[in-house]
Amino acid sequence: DDAFAGAVREGERFFADGAVYLERYLPEPRHVEIQILADSQGSCVWLGERDCSVQRRHQKLVEETPSPVVSDDLRRRMGEASVRAAQAVGYTSAGTLEYLVAGEEFFFLEMNTRLQVEHPITEMITGVDLVREQLRVASGEELGYGQDALSINGHSIEVRINAENPF
């Protein structure tokens, strides 16, 4: 109660608006992202997911694909939702939609309108050169394939080393 009242006062003081909303608490969510490619002719595909849950100080340390906690049905639903979101705004290029996953539910966080540093693990399991495809669609070319032509083969992990002063 005190934290809520404090947030209302802070909003009123700094923004002249004390409106506060509550988000659903997810006790042990996973951070999972979906890679997409979209061309200017309206075609869009998703290329599996990456689990980026292992983090330190909000920096991803381990990216893994496919995610060990995402079922085939959840993967499909997340991929289809990602395609619908990209198409709804007329998005063209490579992009990554990020979600929190809890059980078989997923919740949108944000979309990164670029390739991310972990894109090579998606390339490894799909055989799709995302840099090449991004350049192709940027020059106005069609994807030339649909979702049915894509498959996930194998498993891939990227590990990062972050330098930091622990003190």
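Read on for an overview of the structure.

About the cut-offs
Residues numbered from 1 in each chain as written. Predicted model: local features only at pLDDT ≥ 70, side-chain atom pairs only at ≥ 80, totals over all residues. Heavy atoms only, no water. Helix = DSSP H or I, 4+ residues; strand = E, 2+ residues; numbered from the N terminus. Polar contact = N/O pair within 3.5 Å; in protein donor to acceptor, adjacent residues only side chain to side chain. 1 Å grid on protein atoms, 1.4 Å probe; cavity = no way out; pocket = protein on both sides within 12 Å on 5 of 7 lines; lining within 4 Å. Points joined across faces, edges and corners; volume = space filled by probe spheres on them. Nonpolar A, V, L, I, M, F, W, Y, C, P; charged D, E, K, R; others polar. Pairing = 2+ DSSP bridges. Axes fitted to C-alpha atoms, helices over the stretch in contact; angles between N-to-C directions. Patch = residues over 30% accessible without salt bridge, like charges linked within 9 Å, V, L, I, M, F, W, Y side chains within 5 Å. Areas by Shrake-Rupley, 256 points an atom, 1.4 Å probe, with all protein chains shown as cover. Salt bridge = Lys/Arg side-chain N within 4 Å of Asp/Glu carboxyl O. Buried < 20%, exposed > 50% of the residue type's maximum accessible area, 1.4 Å probe, protein only. Lys, Arg positive; Asp, Glu negative; His and termini not counted. Contact = heavy atoms within 4.5 Å. Core = buried A, V, L, I, M, F, W, Y, C linked by side-chain atoms within 4.5 Å.

Overview of the environment of Pro 120
Here comes step 1: Within the fold, Pro 120 resides in helix H3 (residues 119–126).
Here comes step 2: It is 9.5 Å that separates the C-alpha atoms of Pro 120 and Val 131, two residues lying 11 residues apart in sequence.

A few points about the environment of Asp 39
Here comes step 1: Relative to the assigned elements, Asp 39 resides in the loop between strand S1 (30–38) and strand S2 (44–56).
Here comes step 2: In the structure, Asp 39 is positioned 97 residues away from Arg 136 in sequence and 8.6 Å away in space, judged by C-alpha atoms.
Here comes step 3: Of note is the side chain of Asp 39, whose polar atom sits 3.1 Å from the backbone nitrogen of Gly 42.

Some details on the layout of surface pockets
Here comes step 1: Here the largest pocket defines a volume of roughly 170 Å³.
Here comes step 2: Residue lining of the largest pocket: Glu 23, Arg 24, Leu 26, Leu 100, Phe 107, Phe 108 and Leu 109, and that is the complete set.
Here comes step 3: With three residues, strand S5 (residues 105–112) is the single largest residue contributor to the lining of the largest pocket.
Here comes step 4: Residue composition of the lining of the largest pocket, by class: five nonpolar, no polar and two charged.

Focus on the sheet that holds S1
Here comes step 1: Pairing is antiparallel across the open sheet formed by six strands, whose spatial order is S5-S4-S1-S2-S3-S6. Of all the strands in the sheet, the pair left with one neighbour each is S5 and strand S6 (156–159). The sheet shows a mean angle of 30° between the axes of neighbouring strands, direction not considered.
Here comes step 2: Judged from the nine bridges that link them, S1 and strand S4 (residues 93–102) form a sheet pairing that is antiparallel. Within S4, the position partnered with Ile 36 by the bridge is Gly 95.

Brief notes about a nonpolar patch on the surface
Here comes step 1: Where nonpolar side chains cluster on the molecular surface, the patch consists of Phe 4, Val 20 and Leu 22 and spans about 290 Å² of accessible area.
Here comes step 2: Note on placement: Phe 4 falls in helix H1 (residues 2–15).
Here comes step 3: Relative accessible area serves as the criterion here: at 40%, Phe 4 is assigned to the partly exposed category.

Notes on the side chain of Glu 64
Here comes step 1: Its place among the elements puts Glu 64 in strand S3 (residues 59–65).
Here comes step 2: Buried and unpaired, Glu 64 has no salt bridge, with Arg 30 as the nearest side chain of opposite charge at 5.2 Å.
Here comes step 3: Side-chain polar atoms of Glu 64 contact the side chain of His 155, separated by 2.8 Å.
Here comes step 4: Sequence-distant contacts of Glu 64, that is, excluding residues within four places in its chain, are made with Glu 49, Arg 50, Asp 51, Ile 121, His 155, Ser 156 and Ile 157.

Quick look at the nonpolar core
Here comes step 1: Membership of the largest hydrophobic core comes to 16 residues, with the highest contact counts inside it found for Ile 34, Ile 36, Cys 44, Met 78 and Tyr 99.
Here comes step 2: Those elements that place two or more of their residues in this core are S1, S2, helix H2 (72–88) and S4.
Here comes step 3: For Ile 36, the contacting residues outside a window of four places in its chain are Cys 44, Val 45, Trp 46, Leu 47, Ser 82, Ala 86, Tyr 91, Ser 93, Ala 94, Gly 95, Leu 97 and Met 111.
Here comes step 4: Counting 10 residues, the second largest nonpolar core, distinct from the first, contains Leu 37, Val 45, Val 128 and Leu 150.

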